[in-house]
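So the chains spell out like this:
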Amino acid sequence: MADINEDDGIVPAAEATNRSKFKIFQDGEADPLDGDTTNFPNFNWEHVRSWVAIRHAFRYSGEQIKELAAQDVVMLEKANGHRTYGSVEAGTLEAAKRIKQVNPKVKILFYLNAMCHYGDYAANETWNPDWALRYTDTGELVKWRNRIISYDHRNLEFREWWIKRALDMTENEEIDGVFIDGICKVGHRKYCPPDHAKAYIATANELRSRLQPQKLLIGNAVRAAQRGDCNLKHLKYLDGSYLEGWQQNKDTIRDTVELISVMGKTGRMAMLTSSPMGMDKQTTAEVEKTKSLEKRYDIVEDYIDFPLGVFLLGVEKYSYFTYHYGPPDANPPRRTVWDPTKFKKVTDKLGMPMGDYVTEDEYILSREFEHLKIRVDIEKQNAVFTPKEERDEL
């Protein structure tokens with residue numbers, strides 16, 4: 001999920017890219033979801049709201065469950081619990097039950113890929129190999145990264161199988177919704193036929209129409225580097241989107257601020273993922289060398305200001321932030337930094353925004369909250385956080 005490469009159908013945005021305005025709906029177009037946010041996570045402005053994407057092939061420890069229960073949204077990635085419980089579905093459900101026992105308010109999402117056929121799911125027992133996508137000219141199987149076979153949404157039998165996988169999981173009260181990954185792949189020009197993106201939309205709309213009441217549908221869709229509308233069109237059936245790949249250049253960063261803002265103001269969840277930016281080779285080597293997870297957290301905390309500042313410039317109600325180092329894997333030998341609530345600037349007092357962000361210069365933006373002012377220089381990748389107490393002393 002976190003890798004950005006050619007298979008995702010993303011072409012690095014040109015430096016000269018400049019979108020002055022983003023829209024999910026055209027003027028006069030109705031919102032198919034009616035702006036309904038009653039199924040969204042509880043939200044307040046006390047501090048930055050957090051989310052995580054995570055997997056663990058075995059069983060989460062009790063301490064890890066407590067850490068997950070401290071988030072607003074938990075997306076249980078592919079490869080969850082299958083080594084202990086026999087399948088990803090069983091492992092996901094067991095983890096969800098344990099998290100909910102600690103904090104029933106956490107929203108938990110089941111991972112479903114739009115295009116990649118991953119192993120270890122119980123649903124694979126009824127998978128038909130004839131449903132796999134093939135190149136129209138050679139008949140050979142399409143394989144992502146030369147190894148993972150692809151789905152073909154034009155096949156109606158496959159469509160029913162894929163939708164049922166989601167609905168079977170959301171029948172469980174502990175599963176609050178579905179996270180669709182790989183949406184950027186559905187119309188990939190290298191791998192997919194011209195009519196495939198439209199077929200996927202039909203699948204997604206049918207899932208939306210059959211999804212149980214009060215369940216969420218989130219996707220990995222919106223990206224500043226995506227051609228055209230940055231994939232905002234998918235928010236006509238999605239309750240929100242994960243945002244990744246935003247760090248490519250100053251324009252994708254600047255546009256991501258605006259995308260977060262537009263999504264929030266249009267009643268959609270924005271879930272930004274981030275990792276340390278600006279670490280030199282020496283610091284990276286230090287992080288990799290240390291055997292202490294606590295030390296890793298201490299080191300990468302020094303690099304949170306810029307990505308968090310970018311998020312806060314655009315943050316609206318129902319916007320969520322995560323910050324990590326390493327793959328989204330909670331298996332202890334990985335020593336992955338994945339819990340954003342361990343960072344002071346995430347849990348510090350924030351308060352309601354006093355207005356939208358202010359453009360001081362083309363790539364210098366600022367914004368004030370009740371308890372904080374931020375100023376972000378996108379070109380220099382620098383952010384300054386000034387708490388209210390310090391502002392009052394000036």
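Whatever comes next refers back to the structure up there.
Structure report, in brief.

Cut-offs and rules
Residues numbered from 1 in each chain as written. Predicted model: local features only at pLDDT ≥ 70, side-chain atom pairs only at ≥ 80, totals over all residues. Heavy atoms only, no water. Helix = DSSP H or I, 4+ residues; strand = E, 2+ residues; numbered from the N terminus. Expected span 1.5 Å × (residues − 1). Buried < 20%, exposed > 50% of the residue type's maximum accessible area, 1.4 Å probe, protein only. Contact = heavy atoms within 4.5 Å. Disulfide = S-S within 2.5 Å. Pairing = 2+ DSSP bridges. Axes fitted to C-alpha atoms, helices over the stretch in contact; angles between N-to-C directions. Lys, Arg positive; Asp, Glu negative; His and termini not counted. Salt bridge = Lys/Arg side-chain N within 4 Å of Asp/Glu carboxyl O.

In this section: helix α5 (residues 196-210). In a regular helix each residue adds 1.5 Å, so 15 residues correspond to 21 Å; α5 covers 21 Å between its end C-alpha atoms and thus fits that length. Every buried residue of α5 is listed here: H196, A199, Y200, T203, A204, L207 and R208. Residues of α5 that are buried make contact with α4 (156-170), β6 (177-181) and β7 (216-220).

This paragraph deals with the state of the cysteines. Applying the stated criterion to the full structure yields zero disulfides. Here C116 stays unpaired: no disulfide links it, and the sulfur of C192, its closest cysteine neighbor, is 10 Å away.

Bringing the sheet that holds β6 into the picture now. On the basis of which strands lie adjacent, the open sheet formed by eight strands has the order β1-β2-β3-β6-β7-β8-β9-β10 and parallel pairing. Taken across any chain shown, the strands that pair with only one partner, and hence form the sheet edges, are β1 (51-54) and β10 (319-323). Going from strand to strand, the sheet's axes swing by 20° on average, the running direction of each strand aside. Pairing between strand β8 (residues 240-243) and strand β9 (residues 269-274): four bridges, direction parallel. Bridging across to β9, Y242 finds its partner in M271.

Bringing unusual backbone geometry into the picture now. Backbone geometry places A79, a non-glycine residue, at a positive phi of 65°. Relative to the helices and strands, A79 resides in the loop between β2 (73-76) and α2 (82-85). On the accessibility criterion, A79 (24% relative accessible area) is partly exposed.

Quick look at the side chain of E174 now. Position of E174 among the secondary structure elements: in the loop between α4 and β6. No salt bridge is formed by the buried E174, whose closest oppositely charged neighbour, K97, lies at an N-O distance of 5.0 Å. In this structure, E174 is in contact with L93, A96, K97, K100 and I108, ignoring residues within four places of it in sequence.

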